[in-house]
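Each chain, letter by letter, is given below.
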Amino acid sequence: MRPLVQCHNVGRFRRFGTTTSYWLFRIGDTVIDCGPSNVSARVDRLFRSFHADQAPTSVLVTHHHEDHTGNAGLLQARHQLPVYCTPMTSQIVQTGYFQEWYRLAIWGRFRAFSPTGVLGPSFDAGPDVGPLEPIHTPGHIFDHHAIFAPEHKILFAGDMFIARRRKAYRLDERPRVEIASLGRLVDTLPAGTRLYCAHRGDAMVEQDGAQLLRDRRDFLRGLRDTVVQEVTRELGSFDEVSELVSRRALAAAQGFRTRQRLVPAPPATGEEAAFLAAIEQTVRRLSERLLGREGFLALITAEDHANVNLIRGMLIDPRVDDGSAQLGLERFADPALLHE
Ligand SMILES: [Fe+2]
């Protein structure tokens, strides 16, 4: 008999570690996410092998990133599988988006597609699985949804976990929004939830998923509190720093909305420029002290993927920039999120 959840590592560079591994999951007859396009031959073979037994009947997408959506068109066209996306993700995958060169190298090109249907608040995955419920968890990226199977206490976490102390962040991530999303999961998930991570597979299913997410939330919270404290000590007022950095983050997001790529806000002048330079110095010093030296990825991505983005992200107030503007999506007015 097939296990309820099947895990398949399809990543091309999986020997290089977590960030370049990718796992496809199947629960009953439903597949979670599609895998990156540069391993489409591998994914195609996997789905052909499914046909020999019992073919899956649908695919649910957690968010628009290319490692999660790269084979959506293939699965629709060659395997006649319906692909369901939330309304937020649908908006993005139909038009496509900018990918930095390193994303093209690691995951391959994203190709726009039309989702077969809308993934609503509850998806009926058949009698063996029961409902699958997407939980909006912005922060990593605004359209991110983790997918929960309440009858089996299983969470497909997408990119919400990866590691307790993941610290290399993309420029477009919003860690304070992520803290709120992690809190939402911690409050929602029952004890004993098993967590499946898109980049770690089933490596952590023996541990309590809610506790893993709590640990990650607490790591980020602790870091945020230290950043607030240190910035206040060095620069006088955290609120003033946060106001300026948040305003500029939003301007960068709005300035390039159509291509979905962040570009720096217009150069500052005078006192504002001097203040920004002082903030930048503090951010870099804190990053090195609290998170250690940058890795290889920071160097080759020109810091698009770097520890320093996590520290800088802690300065961005979710009430000003929650990460929605950079995707051209509507603001998220959840009071719980604004509290964090
Ligand atoms: Fe992602």
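Data block above holds the structure.
A few points on the structure. (Residues numbered from 1 in each chain as written. Predicted model: local features only at pLDDT ≥ 70, side-chain atom pairs only at ≥ 80, totals over all residues.)

Let's shift gears to the sheet that holds strand S5 (residues 83–85). Ordered by their spatial adjacency, 6 strands build an open sheet running S1-S2-S3-S4-S5-S6, and the pairing between neighbours is mixed. Whereas interior strands pair on both sides, the edge strands pair on one side only; in this sheet they are strand S1 (5–9) and strand S6 (117–118). Note: strand S3 (residues 30–32) against strand S4 (residues 58–60), 3 bridges, orientation parallel. Bridge assignment links Ile-32 to a residue of S4, and that residue is Leu-60. (Pairing = 2+ DSSP bridges. Helix = DSSP H or I, 4+ residues; strand = E, 2+ residues; numbered from the N terminus.)

Further remarks concern the sheet that holds strand S7 (residues 123–124). Spatially, the 5 strands line up as an open sheet ordered S7-S8-S9-S10-S12, and their pairing is mixed. Two strands lie at the open edges of the sheet, namely S7 and strand S12 (194–196), each paired on one side alone. Alignment of strand S10 (residues 154–156) against S12, held across 3 bridges, turns out to be parallel. Looking across to S12, one finds that Ile-154 is bridged to Arg-194.

The biggest cluster of nonpolar side chains holds 77 residues, and the ones touching the most others in it are Val-59, Leu-60, Leu-155 and Ala-157. Residue contributions to this core peak at 7 residues, all from helix H7 (residues 209–235). Inspection of this core shows a minimum of three residues originating in each of domain 1 (5–169 + 192–207) and domain 2 (221–329). (Core = buried A, V, L, I, M, F, W, Y, C linked by C-beta atoms within 7 Å. Buried ≥ 20, exposed ≤ 12 C-beta atoms within 10 Å, placed from the backbone. Domains from an automatic or database assignment.)

Take it as geometry only, folks, not as evidence of what the structure does.
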